[in-house]
2 protein chains.
Amino acid sequence: MSSVAAKPILYSYFRSSCSWRVRIALALKGIAYDVVPVNLLKDGGQQFSAEFKAANPMQQVPVLKIDGITLSQSLAIIHYLEDTHPNPRLLPQDPKKRAQVRMIADHIAAGIQPIQNLSILNKIGEKKMEWAQNCITSGFQALEQILQDTAGRYCVGDEVSMADLCLVPQVANAERYKVDMGPYPTITRINKALLELEAFKVSHPSRQPDTPAELRA
Amino acid sequence: MSSVAAKPILYSYFRSSCSWRVRIALALKGIAYDVVPVNLLKDGGQQFSAEFKAANPMQQVPVLKIDGITLSQSLAIIHYLEDTHPNPRLLPQDPKKRAQVRMIADHIAAGIQPIQNLSILNKIGEKKMEWAQNCITSGFQALEQILQDTAGRYCVGDEVSMADLCLVPQVANAERYKVDMGPYPTITRINKALLELEAFKVSHPSRQPDTPAELRA
C-alpha cells in the first residue's frame, strides 16, 4: 500500500453522513477511488472488526487510504485533499471567508452530527428520535441565522465550499429523523441547489455500491 | 467594531476546554486580546442571554471578535489565526503531517469533546459521570494508538501543533471526570511536556480573569 500511484481506497457506509462529505470532495476534485463498504449495522457493526480497527482505531467511517497514509476524520481528509488537489478549491482565498466556511463546517461536524450519530442514539435508547430531532433543530436554528450573513447561492457566497459538503448530508439526516424543515428556508434553498450538482448526485447514499436494492435511486 | 486595529475580544469561560484551545493559540502567536467572561452556569447560563446569542447563535463559547468579524467554533478560529498570524506555525508544512495533526485535532474536537460537554451531560442526568468517562475512555484508547504512529515530543513530531491545543484541555476534562489515565502513557507524557510551556500555563483555567478564587493557581 505504499505506492503513491495506487488508487485511493475509501472505507465508507452508504448512509454515513461523514462518508458522504468525503465522497462529495472526491467527486468534485475528480479523484478516482475504490470503495470498501463497512456496514455499521451488520454483524453487530463491521466497524468493530479487528481488520477495520487496525485501519482506524476510532472504529468509524470514513477512512481514506491515500498516498501511503491512512486518514480518518472527514474534515481532516477533505483538508488533505484540498492541500494535495487544490482544484477546484473548497476553501475561498480570502481568510475571512475561509473562516466562515470552516465555522459552518465545524458547526455541523463538531456541533450537530456527533451528538446525533448512530452510536450516541443507540445509547439513548427509546427516546432517540426525539433526541436526534432536538440536536438537529437547535443546530439548524443557529445555522439558519449564520447563513443570513454568509450565504449566496451556497453556504458562503456563490462557490461550493467545505461548508456545503457538510450541509447536504446533515439535511439528509434531518429528513431521516423527520425534522420539520419549515423554519429553515435558507438551509432548504441551498440544499436544493447543491443537490442539482453532479458531484452531490453521484455521491448520494442512494447510489453507492453498498446501497440496498430497496433504497436505490 | 469594524476597525481592524481594535484589540480582539475573546468570549471565554475559564473551564471551557474549547475556550482554552483558543487561548493557547493566542498565547503562542503572541496576540494580545481582551476577555469577556461568559459564565456557563450562572444565571441559568449566560451563553443563553440575548446579547450573547447575537454574537453567537450557537450560544457556545469561545467566540472571537477579530478584524471586524465574529467567529465561533474553536478550530475555525485557530485556523483563522494560523492564516493571518502564521508564526509560530501550528500546522506542519508537509501535507501528510498536516493531515495527521488535523485528524488528531478533529478526533478530539468532533469525536470526544462534543459528546461529553456540559450541555449533553445536563441532558443525561444522574448517569452523567459514567457517560463522560465512557466517551473519554473510548476516545483515548483510539488516540493512544494513533499517537504510536505520529508522536515525537508532542502529538505529531517535535513541534507544537493544533493537535496539542486540543489534547491538553481534553486531558483536563478527563481528570475532572476522574478517568484513570493509567492506560494512556503517551497521552500522559505529551500532556505533561506541553504543560511546561508558557503558552499553556498562561492560558490555563486556573489563571483566567473569571477563575473563582478557590480554583486559582
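Residues numbered from 1 in each chain as written. Chains lettered and ligands numbered in written order. Predicted model: local features only at pLDDT ≥ 70, side-chain atom pairs only at ≥ 80, totals over all residues. Heavy atoms only, no water.

**With respect to the packing of aromatic side chains**
The geometry of an aromatic ring pair comes down to the distance between the two centres and the angle between the two planes. Short version of the rule: Pairing of aromatic rings covers Phe, Tyr and Trp, the last through its six-membered ring, and needs centres within 6.5 Å; plane angles under 30 degrees mean stacked, over 60 mean edge-to-face, and all others mean tilted. Runs of E in the DSSP output that reach at least two residues are strands. Runs of H or I that reach at least four are helices, and both are numbered from the N terminus. Think of it as a cone above the ring: NZ of Lys or CZ of Arg counts as a charge over the ring if it is within 6 Å of the ring centre and within 35 degrees of the ring normal.
All chains considered together, the criterion is met by six aromatic pairs over all chains. Considering the side-chain rings of B:Phe140 and B:Tyr184, the 5.7 Å spacing of their centres and the 80 degrees angle between planes classify their relative orientation as edge-to-face. With B:Phe140 in helix 6 (residues 128–150) and B:Tyr184 in the loop between helix 7 (162–176) and helix 8 (185–195), the pair connects residues that are 44 residues apart, well separated along the chain. The cationic tip of A:Lys123 hangs over the ring face of B:Trp131; the distance from NZ or CZ to the ring centre is 5.1 Å.

**Description of the UniProt feature "domain: GST N-terminal" (unreviewed entry) in chain A**
What counts is decided by this rule: UniProt positions are given in the numbering used here, feature names are shortened, and annotations may be inferred rather than shown by experiment.
Sequence positions flagged by UniProt for "domain: GST N-terminal" (unreviewed entry) are, in local numbering, residues 6–89 of chain A. Taken end to end, residues 6–89 of chain A is 35% helix and 19% strand, and its two terminal C-alpha atoms sit 23 Å from one another.

**A few points about empty space enclosed by the protein**
This is how it is decided: Here a cavity denotes a set of grid points, spaced 1 Å apart and computed over the protein atoms alone, in which a 1.4 Å probe fits but from which it cannot get out, and a pocket denotes an open set meeting protein on both sides within 12 Å along at least five of seven lines; residues with an atom within 4 Å of a point are reported as lining. Grid points are joined across faces, edges and corners, and a volume is the space filled by probe spheres set on the points. Following the grouping adopted for this structure description, the nonpolar residues are Ala, Val, Leu, Ile, Met, Phe, Trp, Tyr, Cys and Pro, the charged ones are Asp, Glu, Lys and Arg, and the polar ones are all others, Gly among them.
This structure, assessed with the given rule, holds one cavity of 30 Å³ or more. Considered as a void within the structure, the largest cavity measures approximately 90 Å³ in volume. If you go around the largest cavity, the residues you meet are A:Leu75, A:His79, A:Arg102, A:Asp106, A:Met162, B:Leu75, B:His79, B:Arg102, B:Ala105, B:Asp106 and B:Met162. No other element matches helix 4 (residues 95–109) of chain B, which puts three residues into the lining of the largest cavity. Looking at the lining of the largest cavity residue by residue, the class counts come to five nonpolar, two polar and four charged.

**With respect to helix 3 (residues 74–84) of chain A**
Counted only if it meets this: Burial status follows relative accessibility: with a 1.4 Å probe on protein chains alone, a residue under 20% of its type maximum counts as buried, one over 50% as exposed, and anything between as partly exposed.
A large share of helix 3 of chain A lies buried, amounting to nine of its 11 residues. A:Ser74, A:Leu75, A:Ala76, A:Ile77, A:Ile78, A:His79, A:Tyr80, A:Leu81 and A:Glu82 are the residues of helix 3 of chain A that are buried.

**A look at the interface of chain A and chain B**
Definition in use: Two residues form a contact once any of their heavy atoms are found within 4.5 Å. A simple way to read buried area is as the amount of 1.4 Å-probe accessible surface that goes missing from two parts once joined, with both sides added. Only one rule defines a salt bridge in this text: a Lys or Arg side-chain nitrogen within 4 Å of an Asp or Glu carboxyl oxygen. Here a polar contact means two N or O atoms within 3.5 Å. Within protein one must be a hydrogen donor candidate and the other an acceptor candidate, and residues neighboring in sequence count only if both atoms are side-chain atoms.
Listed by partner, the interface residues are 36 residues for chain A and 36 residues for chain B. Carbon and sulfur atoms make up 68% of the area that chain A and chain B hide from each other, which totals about 3300 Å². Of all residues in chain A, A:Met58, A:Lys96 and A:Met103 give up the largest surface area on contact with chain B, accounting jointly for 15% of the area buried on that side. On inspection of chain A and its partner chain B, the count reaches four salt bridges. Taken together, chain A and chain B are joined by eight residue pairs in polar contact (both at pLDDT 80 or more). Listing elements by their share of the side of chain A that touches chain B, those giving two or more residues are strand 4 (69–72), helix 3, helix 4 (95–109), helix 5 (118–124) and helix 6 (128–150) of chain A. In terms of residue count, helix 4 of chain A provides more of the side of chain A that touches chain B than any other element does, nine residues in total. In terms of residue class, the side of chain A that touches chain B is made up of 20 nonpolar, eight polar and eight charged.

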